[in-house]
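In case you want the letters, here they are:
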Amino acid sequence: MLISIAFIFLFGLVFAKIAEKIHIPGLFGMILAGILIGPFGLNLLDDSILNISAELRKIALIIILMRAGLSLNLNDLYKIGRPAILMCFLPACFEIIGVVLLAPKLLGVTVSEAALIGATIAAVSPAVIVPKMIQLLEKGYGVSKGIPQLILAGASVDDVFVIVLFTAFIGLVKGTKITAASFYNIPISLVTGIFVGLAIGLLLTEFWKKFKMGNTKKLMLIFSIGFIMTYVEDIIPIPFASLLAIMFLGIGIKRGDEELSLELGRSVSQLWIVGEVVLFVLVGVTVNLKFAIAAGFAPVLLILVALIFRVTGVALSCLGTNFTTKEKIFTMIAYTPKATVQAAIGGIPLAMGLACGNMALTVAVLSILITAPLGAFLIEKTYQKFLVIEEGFHEYLA
């Protein structure tokens, strides 16, 4: 296992550096490193690592969602209002509708299978988006209008919404009847996730005021609670969005103690340096290029057209805001990258023996390879041109 861990870090860091040298996002290099050393490439990783890769990816995701929560101000989300709510579900719904309309003709699947494939690729990637939006928060770009805050919050809820739909569509393809309860789970899981996370975050700040504890021990406690919440989500009968709860735990800490949240945020940022490499290399490990090559151009066309539907949903969500045209375009760009959710659920239909399993996995893989590097690249190249830096940040940057 130790040599596999060494390969993950060495190949991930080297390929990320090469990618940055040729002016493409480092995460693209990490994904390529994972493809190269994974079971569908040189097969350099031990089975012991592959068997726990899903858990390792989840740990990395917990780190970045905690970092997002510690950076977000809840008052900013209140100010954004309606667009923040619409961004949680409208773009994903539009993308799924696009896939349902096109996939039966392009891929030869049924309408129910198309809905499942649509849900497989409809979730946006917090692992790509969150670090970029935190960077904008720190530099002040778009902050005054709440643009990075809007994208951060929307992306986290978007994932929960899509995963619930994915579960419902699995039942539909298997012939199980979808009930209204399947969709009641969405608001229930969101509400419980927000309430539990926020409550724990506020309680922790009160606890630390009475019982002194070093920041390292505080982080150990926070992440232990985060790990427990992801475990609890799988065993309790009540719908509960654990990843959303983790982000709101960070928001609760920020609301209870602003200075402490800044200190913890800096420490979590250092952890993310490790988490980023682990996450994206292991995303690459799941990619089987043989499926992608064998499928031809049809899945690529499907993904590109589905993105048009997605950004249309983003544009409609932004109606009535005071965003300029450039700011709306940036928001549309920032809401396109896919990676972590697709890596996590893309292989489930195949593992369940569904007829559309191979195609669902192929589309998931291609959506990662196309949108993750492209989205990250476009965010990096456009934010300074399309967003206004908040007054007072000029001196900070100097």
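The coordinates are above.
> Before we go on, may I ask you to explain the packing of helix α7 (residues 90-107) against helix α8 (residues 111-121) in this structure?
Helices that pack against each other are described as a pair by the angle of their axes relative to one another and the distance between those axes. Put simply, α7 and α8 touch, their axes get as near as 8 Å, and they point 130 degrees apart. In terms of their interaxial angle, α7 and α8 are classed as oblique. The hand of the α7/α8 crossing is right-handed. For the pair formed by α7 and α8, the contact residues are E95, I96, V99, V100, A103, P104 and L107 on the first element and V111, A114, A115, I117, G118, A119 and I121 on the second. Residue composition of the contact of α7 with α8, grouped by class: 12 nonpolar, one polar and one charged.

> Can you help me understand the nonpolar core in this one?
Most often, soluble globular proteins keep nonpolar side chains buried together rather than apart. Counting residues in hydrophobic clusters, the biggest one holds 113 residues, and the most contacted among them are M133, I222, F280 and F330. It is helix α10 (residues 147-174) that provides the largest number of residues to this core, a total of 15 residues. Excluding residues within four positions of it along the chain, F280 makes contact with L27, M30, I31, A127, V128, W272 and A339.

> Help me out: how do you make sense of the packing of aromatic side chains in this one?
Two aromatic rings, taken as a pair, are described by how far apart their centres are and by the angle between their planes. Summed over all chains, the structure comprises six aromatic pairs. Here the aromatic rings of F11 and F15 are separated by 6.3 Å at their centres, their planes lie at 35 degrees, and the arrangement is tilted. Taken together, the residues F11 and F15, both in helix α1 (residues 2-21) and four residues apart, mark about one turn of the helix. Relative accessible area serves as the criterion here: at 22%, F11 is assigned to the partly exposed category. For F15, a relative accessible area of 23% gives the class partly exposed. Each member of the aromatic cluster is reached from another via a ring pair, and the members are F7, F11 and F15.

> Explanation requested: unusual backbone geometry in the structure shown.
Phi is mostly negative for residues that are not glycine, and the peptide bonds are mostly trans. If you check the backbone angles, N43 has positive phi at about 55 degrees while not being a glycine. Here N43 shows up in the loop between α2 (26-37) and α3 (47-51). Accessibility expressed as a relative area gives 47% for N43, which makes it partly exposed.

> So what exactly am I meant to see when it comes to the side chain of S261 here?
Mapped onto the elements of the fold, S261 is located in helix α14 (residues 258-285). Those residues in contact with S261, other than ones at most four positions away along the chain, are L70, I253 and K254.

> Would you mind going over the environment of F9 with me for this structure?
With respect to the helices and strands, the residue F9 is situated in helix α1. Residues contacting F9, with those up to four places away along its chain left out, are V274, V277 and V278.

> Quick question: what am I supposed to make of the pattern of salt bridges here?
A pair can form between side chains of opposite charge whenever their charged atoms are brought close. Evaluation of the coordinates by the stated rule reveals eight salt bridges. Taken together, the shared-partner salt bridges connect E95, D158, R310 and K338 into one network.

> Hey, could you run me through the environment of S156 in this one?
Structurally, S156 can be placed in helix α10. We classify S156 as buried; its relative accessible area is 7%. When the C-alpha atoms of S156 and T216 are compared, they prove to be 26 Å apart, with 60 residues separating the residues in sequence.

> Help me understand α1, please; the structure alone is not making it clear to me.
Note that an α-helix has 3.6 residues per turn; residues three or four places apart therefore point the same way. For α1, built from 20 residues, the straight-helix expectation of 28 Å at 1.5 Å per residue is met to within 8% by its first-to-last C-alpha distance of 29 Å. Within α1, the full set of buried residues consists of S4, I8, G12, A16 and A19. Seen along its axis, α1 keeps its buried residues to an arc of 85 degrees; they face one direction. The exposed residues of α1 that point more than 90 degrees off its buried face are L2, I3, L10, K17 and K21.

> Which parts of the structure should I look at to understand the packing of α2 against α14?
Closest axis-to-axis distance for the α2/α14 pair is 6 Å, and the angle between their directions is 50 degrees. Here α14 runs oblique to α2, going by the angle between their axes. Read as a crossing pair, α2 and α14 show a hand that is right-handed. Residues L27, M30, I31, G34, I35 and I37 of α2 pack against E276, V277, F280, V281, G284 and V285 of α14. Residue classes in the contact of α2 with α14 are distributed as nine nonpolar, two polar and one charged.

> I'm lost on the side chain of T371 in this one. Help?
Topologically, T371 is positioned in helix α20 (residues 357-386). Classification of T371 by relative accessible area gives buried; the value is 3%. In terms of polar contacts, T371 uses its side chain to reach the backbone amide nitrogen of K338, at 2.9 Å. With residues up to four places along the chain from it excluded, the contact list for T371 reads I303, L307, T336, P337, K338 and A376.

> Help me understand a nonpolar patch on the surface, please; the structure alone is not making it clear to me.
Residues Y184, I188, Y231, I235, I236 and I238 make up a contiguous nonpolar surface patch of about 610 Å² in total accessible area. If you list the elements that add at least two residues to the nonpolar patch, you get α11 (180-210) and α12 (215-235). When you line up the elements, Y231 lands in helix α12.

The rules behind each value
- Residues numbered from 1 in each chain as written.
- Predicted model: local features only at pLDDT ≥ 70, side-chain atom pairs only at ≥ 80, totals over all residues.
- Heavy atoms only, no water.
- Axes fitted to C-alpha atoms, helices over the stretch in contact; angles between N-to-C directions.
- Helix = DSSP H or I, 4+ residues; strand = E, 2+ residues; numbered from the N terminus.
- Parallel < 35°, antiparallel > 145°, perpendicular 65-115°, else oblique.
- Left-handed = near helix turned anticlockwise from the far one by under 90°.
- Contact = heavy atoms within 4.5 Å.
- Nonpolar A, V, L, I, M, F, W, Y, C, P; charged D, E, K, R; others polar.
- Core = buried A, V, L, I, M, F, W, Y, C linked by side-chain atoms within 4.5 Å.
- Buried < 20%, exposed > 50% of the residue type's maximum accessible area, 1.4 Å probe, protein only.
- Phe/Tyr/Trp six-rings, centres within 6.5 Å; stacked < 30°, edge-to-face > 60°.
- Salt bridge = Lys/Arg side-chain N within 4 Å of Asp/Glu carboxyl O.
- Expected span 1.5 Å × (residues − 1).
- Arc of directions from axis to C-beta.
- Polar contact = N/O pair within 3.5 Å; in protein donor to acceptor, adjacent residues only side chain to side chain.
- Patch = residues over 30% accessible without salt bridge, like charges linked within 9 Å, V, L, I, M, F, W, Y side chains within 5 Å.
- Areas by Shrake-Rupley, 256 points an atom, 1.4 Å probe, with all protein chains shown as cover.

Coordinates in, geometry out; function isn't part of it.
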